[in-house]
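Examination of the molecular architecture
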Amino acid sequence: MDDVKQLVAAIKKGDLKPIYFLMGEEAYYIDKISDYIEDNVLDDSEKGFNQMVLYGRDVTIDDIVSNAKRYPMMAERQVVIVKEAQDLSRTIEKLVEYANNPQPSTVLVLNYKYKKLDKRKALFKAINKNGGIVFESKKMYENQVADWIRRVLAGQNYNISPKAAQMLVEFLGTNLSKIDNELNKLKIVLPEGTQITPDHIEENIGISKDFNNFELRKAVGQRNVLKAHQIAKYFAENPKDNPIVVSVALLFSFFSQLLHLHGMSDRNPRSVASALKVNPYFVNEYLDAARNYPMKKVSYIIGILRETDVKSKGVGANAIPQGDLLKELLVKILG
């Protein structure tokens, strides 16, 4: 995120590079940088003749080079943006000749999503050597996303409670574009300065604040049998929004973290949060769960979760409804 801010700040100052090769697993930042260049480098009066958007599936490397070598018309520079450039992965190294001698008056932007250049090959070296930028947008781990949400909102004069952030992560996963879309919906209806709560998430996005995987994990950790089975019943009635594979994956991660916690001698909350890579707000839940589940029980549960994961994917359990599988799992965990 800081790298993106620095890159955009340089562009804003007019420090433009001849090539921006934007690559990596996280499409969100690739789109953000590309869109910023598309919207801000040229004035509206210049864009008609000097800004071109191409798509990898429709062009060849020769087409890209031909457009990049054109001179701008009545402007200082031109912008050529290639979206979905990963569709050219088999021939992308042919761009090396242009990268070795880029047109100074062209800003060439390549959006190379879900793939990466081989840093040992000539194109990567040529872009770096000749004043271009290769930016890698790395996929975030799930335990990093809640903090990302907090930082994004803080920059826009909003706050969010830890539980509300966790609800978004568990419902939307690590897809930053989806999360950003939902945050934009919230910002439309909530004034600046608002602290976003679970109630706001439930009312405006439709994620139940009481019946979700976050609450299921909490109920299991507390050995709250009634609450856990109430959530399982809700999931069984709403299977499309609550697939069992997600619940099993979350519980597997939770009990794996408990196993790690049992092996720690330092139970200081800050040390636990750092070791388990969780928000300090949730540390007490893990400490309580560790008291409720001895190490031997945790190891047993991890084995049960592996079996359920296989069954949930249709191996040896085709006729068992997913709701029944989850209820059976909870009986084994909580029994």
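Residues numbered from 1 in each chain as written. Predicted model: local features only at pLDDT ≥ 70, side-chain atom pairs only at ≥ 80, totals over all residues. Heavy atoms only, no water.

**A short note on the pairing of strand β2 (residues 51-55)**
In this structure, β2 lies alongside strand β3 (residues 78-83), joined through five bridges in parallel fashion. Across the sheet, the residue bridging to Y55 is K83, located in β3. Considered for its hand, the β-α-β crossover made up of β2, helix α4 (residues 61-68) and β3 is right-handed. (Pairing = 2+ DSSP bridges. Helix = DSSP H or I, 4+ residues; strand = E, 2+ residues; numbered from the N terminus. Right-handed = clockwise from strand over helix to strand, strands pointing away.)

**Some words on the packing of aromatic side chains**
With the rule as written, the count across this model stands at ten aromatic pairs. Aromatic pair F255 and Y293: ring centres 5.2 Å apart, planes at 90 degrees, arrangement edge-to-face. On the criterion of sequence distance, the pair formed by F255 in helix α13 (residues 244-262) and Y293 in the loop between α15 (283-292) and α16 (295-312) is long-range, its members being 38 residues apart. Per residue, the accessibility class of F255 equals that of Y293, and both read buried. On the numbers, 5.0 Å between centres and 90 degrees between planes, the contact of Y281 with F282 is edge-to-face. (Phe/Tyr/Trp six-rings, centres within 6.5 Å; stacked < 30°, edge-to-face > 60°. Buried < 20%, exposed > 50% of the residue type's maximum accessible area, 1.4 Å probe, protein only.)

**A look at the nonpolar core**
Counting 44 residues, the largest nonpolar core has Y20, I37, W148, I149, L168 and I201 as the members making the most contacts within it. In this view, I201 contacts A164, M167, L168, L186, I196, G206 and I207; residues no more than four positions away in its chain are not counted. Counting residues in each nonpolar core, the second largest holds 39 residues, with I244, L250, V278 and Y293 among its members. (Core = buried A, V, L, I, M, F, W, Y, C linked by side-chain atoms within 4.5 Å. Contact = heavy atoms within 4.5 Å.)

**Structural notes on the packing of α13 against helix α17 (residues 322-334)**
In helix packing, the relevant descriptors are the interaxial angle and the interaxial distance, both defined with respect to the helix axes. In contact at an axis separation of 10 Å, α13 and α17 are set at 20 degrees when each is read in the N-to-C sense. Taken together, α13 and α17 sit at an angle that is classed as roughly parallel. The two elements α13 and α17 meet at a crossing, and its hand is left-handed. Together, I244, V248, L251 and F255 of α13 and Q322, L325, L326, L329 and I333 of α17 make up the contact between the two elements. Of the residues belonging to the contact of α13 with α17, the class tally is eight nonpolar, one polar and no charged. (Axes fitted to C-alpha atoms, helices over the stretch in contact; angles between N-to-C directions. Parallel < 35°, antiparallel > 145°, perpendicular 65-115°, else oblique. Left-handed = near helix turned anticlockwise from the far one by under 90°. Nonpolar A, V, L, I, M, F, W, Y, C, P; charged D, E, K, R; others polar.)

**A word on the environment of L276**
Counting through the fold element by element, L276 comes out in helix α14 (residues 269-276). On a C-alpha basis, the gap between L276 and L258 in space is 8.6 Å, while along the polypeptide they are 18 residues apart. When neighbours within four sequence positions are excluded, L276 is seen to be in contact with Q257, H260, L261 and Y286.

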